[in-house]
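Examination of the molecular architecture
The primary structure of each chain is shown beneath.
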Amino acid sequence: MKTLTVAGLATFEIYAAIPAGFAFGLSPWTIFFASVTGGLIGTFVAAFLGDKIRAFFHKKKPAKDAAEKKHPMMLRLWNKYGIIGLGFLGTMSVGAPISLAVGIGLNANIKKLVTWCCIGVITRCIVFTLIGWYGLKLI
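Residues numbered from 1 in each chain as written. Predicted model: local features only at pLDDT ≥ 70, side-chain atom pairs only at ≥ 80, totals over all residues. Heavy atoms only, no water.

1. Describing the nonpolar core
Most often, soluble globular proteins have nonpolar side chains that are buried together. In terms of nonpolar packing, the biggest core is built from 28 residues, with Ile14, Leu100, Leu113 and Cys125 touching the most fellow members. For this core, the secondary structure elements donating two or more residues are helix 1 (2-12), helix 2 (14-23), helix 3 (28-57), helix 5 (72-93), helix 6 (96-105) and helix 7 (110-138). Apart from residues lying up to four places away in sequence, Leu113 is in contact with Ile83, Leu86, Gly87, Ser99, Leu100, Gly103 and Ala108. (Core = buried A, V, L, I, M, F, W, Y, C linked by side-chain atoms within 4.5 Å. Buried < 20%, exposed > 50% of the residue type's maximum accessible area, 1.4 Å probe, protein only. Helix = DSSP H or I, 4+ residues; strand = E, 2+ residues; numbered from the N terminus. Contact = heavy atoms within 4.5 Å.)

2. A short note on unusual backbone geometry
The phi angle at Asn107 is positive, at roughly 60°, despite the residue not being glycine. Structurally, Asn107 can be placed in the loop between helix 6 and helix 7.

3. Topic: the pattern of salt bridges
In the structure shown here, the tally under the stated rule is one salt bridge. Among the salt bridges present, the one from Arg124 reaches Glu13, with a minimum N-O distance of 2.8 Å. Here Arg124, found in helix 7, pairs with Glu13, found in the loop between helix 1 and helix 2; they are 111 residues apart in sequence, far enough to count as distant. The class of Arg124 is buried, set by a relative accessible area of 2%. (Salt bridge = Lys/Arg side-chain N within 4 Å of Asp/Glu carboxyl O.)

4. Quick look at the packing of helix 2 against helix 7
The N-to-C vectors of helix 2 and helix 7 enclose an angle of 35°; their axes lie 10 Å apart at closest approach. Note that helix 2 runs across helix 7; the crossing there is right-handed. The segment helix 2 lies against helix 7, with Ile14, Tyr15, Ile18 and Phe22 engaging Val121, Arg124, Cys125, Phe128, Thr129, Gly132, Trp133 and Leu136. Of the residues in the contact of helix 2 with helix 7, the class split is nine nonpolar, two polar and one charged. (Axes fitted to C-alpha atoms, helices over the stretch in contact; angles between N-to-C directions. Left-handed = near helix turned anticlockwise from the far one by under 90°. Nonpolar A, V, L, I, M, F, W, Y, C, P; charged D, E, K, R; others polar.)

5. Points about the confidence of the model for the protein chain
Of all residues in the protein chain, 84% attain a pLDDT of 70 or more, and the chain-wide mean is 84. Here helix 4 (residues 63-70) stands out as the element of the protein chain with the lowest mean pLDDT, 55, in contrast to helix 7, whose mean of 92 is the highest. (pLDDT = per-residue confidence, 0-100.)

6. Thoughts on helix 6
Counting buried positions over the 10 residues of helix 6 gives seven, a clear majority of the element. Within helix 6, the full set of buried residues consists of Ala96, Ser99, Leu100, Val102, Gly103, Ile104 and Gly105. Looking one or two places after helix 6, you find Asn107, whose phi comes out positive at around 60°.

7. Thoughts on the packing of aromatic side chains
A complete count under the given rule lists six aromatic pairs for this structure. Taken together, a centroid distance of 5.1 Å and an interplanar angle of 65° make the contact between Phe32 and Phe33 edge-to-face. You can call Phe33 partly exposed: its relative accessible area is 49%. Aromatic ring contacts, followed pair by pair, group Trp29, Phe32 and Phe33 into a single cluster. (Phe/Tyr/Trp six-rings, centres within 6.5 Å; stacked < 30°, edge-to-face > 60°.)

Spelled out as C-alpha coordinates, the structure:
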(Lines give C-alpha, C1' and ligand atoms only; values in the text may rest on other atoms or scores of the structure.)
Protein backbone atom coordinates (compact mmCIF):
# COMPACT_ATOMS: atom_id res chain seq x y z
CA MET A 1 0.00 0.00 0.00
CA LYS A 2 2.87 2.38 0.79
CA THR A 3 4.46 1.66 -2.58
CA LEU A 4 1.21 2.46 -4.38
CA THR A 5 0.98 5.72 -2.45
CA VAL A 6 4.46 6.70 -3.62
CA ALA A 7 3.59 5.77 -7.22
CA GLY A 8 0.31 7.69 -6.99
CA LEU A 9 2.04 10.79 -5.66
CA ALA A 10 4.68 10.55 -8.39
CA THR A 11 1.94 10.58 -11.01
CA PHE A 12 1.34 14.20 -10.08
CA GLU A 13 4.51 15.36 -8.34
CA ILE A 14 7.78 13.51 -7.86
CA TYR A 15 8.96 16.09 -5.35
CA ALA A 16 6.32 14.83 -2.92
CA ALA A 17 6.61 11.11 -3.72
CA ILE A 18 10.26 10.51 -2.89
CA PRO A 19 10.23 12.13 0.58
CA ALA A 20 6.98 10.29 1.32
CA GLY A 21 8.68 7.00 0.44
CA PHE A 22 11.51 7.73 2.85
CA ALA A 23 8.99 8.77 5.51
CA PHE A 24 7.22 5.43 5.04
CA GLY A 25 10.53 3.65 5.60
CA LEU A 26 10.70 2.08 2.12
CA SER A 27 14.00 1.02 0.59
CA PRO A 28 15.62 3.43 -1.90
CA TRP A 29 15.14 0.91 -4.73
CA THR A 30 11.42 0.60 -4.00
CA ILE A 31 11.10 4.38 -3.84
CA PHE A 32 12.98 4.76 -7.10
CA PHE A 33 10.95 2.19 -9.05
CA ALA A 34 7.62 3.37 -7.62
CA SER A 35 8.37 7.02 -8.38
CA VAL A 36 9.59 6.22 -11.91
CA THR A 37 6.48 4.14 -12.56
CA GLY A 38 4.17 6.86 -11.27
CA GLY A 39 6.05 9.61 -13.08
CA LEU A 40 5.92 7.76 -16.40
CA ILE A 41 2.21 7.04 -15.97
CA GLY A 42 1.61 10.75 -15.35
CA THR A 43 3.65 11.63 -18.42
CA PHE A 44 1.72 9.31 -20.71
CA VAL A 45 -1.66 10.33 -19.31
CA ALA A 46 -0.83 14.00 -19.79
CA ALA A 47 0.48 13.35 -23.30
CA PHE A 48 -2.38 11.28 -24.62
CA LEU A 49 -5.18 13.17 -22.93
CA GLY A 50 -3.58 16.56 -23.49
CA ASP A 51 -5.27 17.34 -26.79
CA LYS A 52 -8.69 16.45 -25.40
CA ILE A 53 -8.16 18.49 -22.25
CA ARG A 54 -6.86 21.47 -24.27
CA ALA A 55 -9.84 21.31 -26.59
CA PHE A 56 -12.23 21.20 -23.64
CA PHE A 57 -10.78 24.19 -21.78
CA HIS A 58 -9.74 26.35 -24.71
CA LYS A 59 -12.59 26.13 -27.18
CA LYS A 60 -12.46 29.81 -28.05
CA LYS A 61 -8.89 30.76 -27.13
CA PRO A 62 -5.80 30.05 -29.19
CA ALA A 63 -3.64 27.58 -27.24
CA LYS A 64 -0.31 29.25 -27.99
CA ASP A 65 -1.39 32.55 -26.43
CA ALA A 66 -2.58 30.77 -23.29
CA ALA A 67 0.72 28.91 -22.96
CA GLU A 68 2.71 32.13 -23.42
CA LYS A 69 0.79 33.96 -20.71
CA LYS A 70 0.70 31.21 -18.09
CA HIS A 71 4.21 29.77 -18.41
CA PRO A 72 6.77 32.37 -19.53
CA MET A 73 9.68 30.26 -18.19
CA MET A 74 8.58 27.30 -20.33
CA LEU A 75 8.32 29.57 -23.35
CA ARG A 76 11.90 30.78 -22.77
CA LEU A 77 13.06 27.15 -22.57
CA TRP A 78 11.19 26.41 -25.79
CA ASN A 79 12.69 29.38 -27.62
CA LYS A 80 16.24 28.75 -26.39
CA TYR A 81 16.55 24.95 -26.26
CA GLY A 82 13.61 23.64 -28.28
CA ILE A 83 12.00 20.30 -27.59
CA ILE A 84 14.90 19.01 -25.45
CA GLY A 85 14.75 22.03 -23.18
CA LEU A 86 11.02 21.86 -22.79
CA GLY A 87 10.97 18.09 -22.30
CA PHE A 88 14.04 17.50 -20.16
CA LEU A 89 14.69 20.78 -18.37
CA GLY A 90 10.99 21.52 -17.99
CA THR A 91 10.43 18.10 -16.43
CA MET A 92 13.38 18.61 -14.08
CA SER A 93 12.09 22.00 -12.93
CA VAL A 94 8.27 22.02 -12.95
CA GLY A 95 7.27 18.49 -13.92
CA ALA A 96 6.30 16.49 -16.96
CA PRO A 97 2.53 17.23 -17.02
CA ILE A 98 3.12 20.99 -17.17
CA SER A 99 5.88 20.61 -19.75
CA LEU A 100 3.61 18.47 -21.89
CA ALA A 101 0.70 20.88 -21.53
CA VAL A 102 2.85 23.79 -22.67
CA GLY A 103 4.33 21.69 -25.49
CA ILE A 104 0.89 20.69 -26.72
CA GLY A 105 -0.11 24.35 -26.59
CA LEU A 106 2.93 25.23 -28.71
CA ASN A 107 2.19 22.39 -31.18
CA ALA A 108 5.43 20.54 -30.41
CA ASN A 109 6.12 17.08 -31.82
CA ILE A 110 4.43 15.00 -29.11
CA LYS A 111 6.50 11.83 -29.64
CA LYS A 112 9.81 13.67 -29.20
CA LEU A 113 8.44 15.65 -26.28
CA VAL A 114 7.23 12.50 -24.49
CA THR A 115 10.63 10.88 -25.03
CA TRP A 116 12.48 13.80 -23.45
CA CYS A 117 9.95 14.05 -20.62
CA CYS A 118 10.47 10.35 -19.85
CA ILE A 119 14.24 10.87 -19.77
CA GLY A 120 13.66 13.81 -17.45
CA VAL A 121 11.41 11.77 -15.14
CA ILE A 122 13.98 8.98 -14.84
CA THR A 123 16.82 11.45 -14.24
CA ARG A 124 14.78 13.36 -11.69
CA CYS A 125 13.95 10.16 -9.80
CA ILE A 126 17.59 9.05 -9.77
CA VAL A 127 18.83 12.41 -8.52
CA PHE A 128 16.24 12.92 -5.80
CA THR A 129 16.33 9.34 -4.56
CA LEU A 130 20.11 9.59 -4.22
CA ILE A 131 19.82 12.94 -2.45
CA GLY A 132 17.28 11.47 -0.03
CA TRP A 133 19.30 8.32 0.61
CA TYR A 134 22.61 10.12 1.15
CA GLY A 135 20.83 12.80 3.17
CA LEU A 136 19.48 10.17 5.55
CA LYS A 137 22.96 8.66 5.84
CA LEU A 138 24.21 11.99 7.22
CA ILE A 139 21.69 12.00 10.03
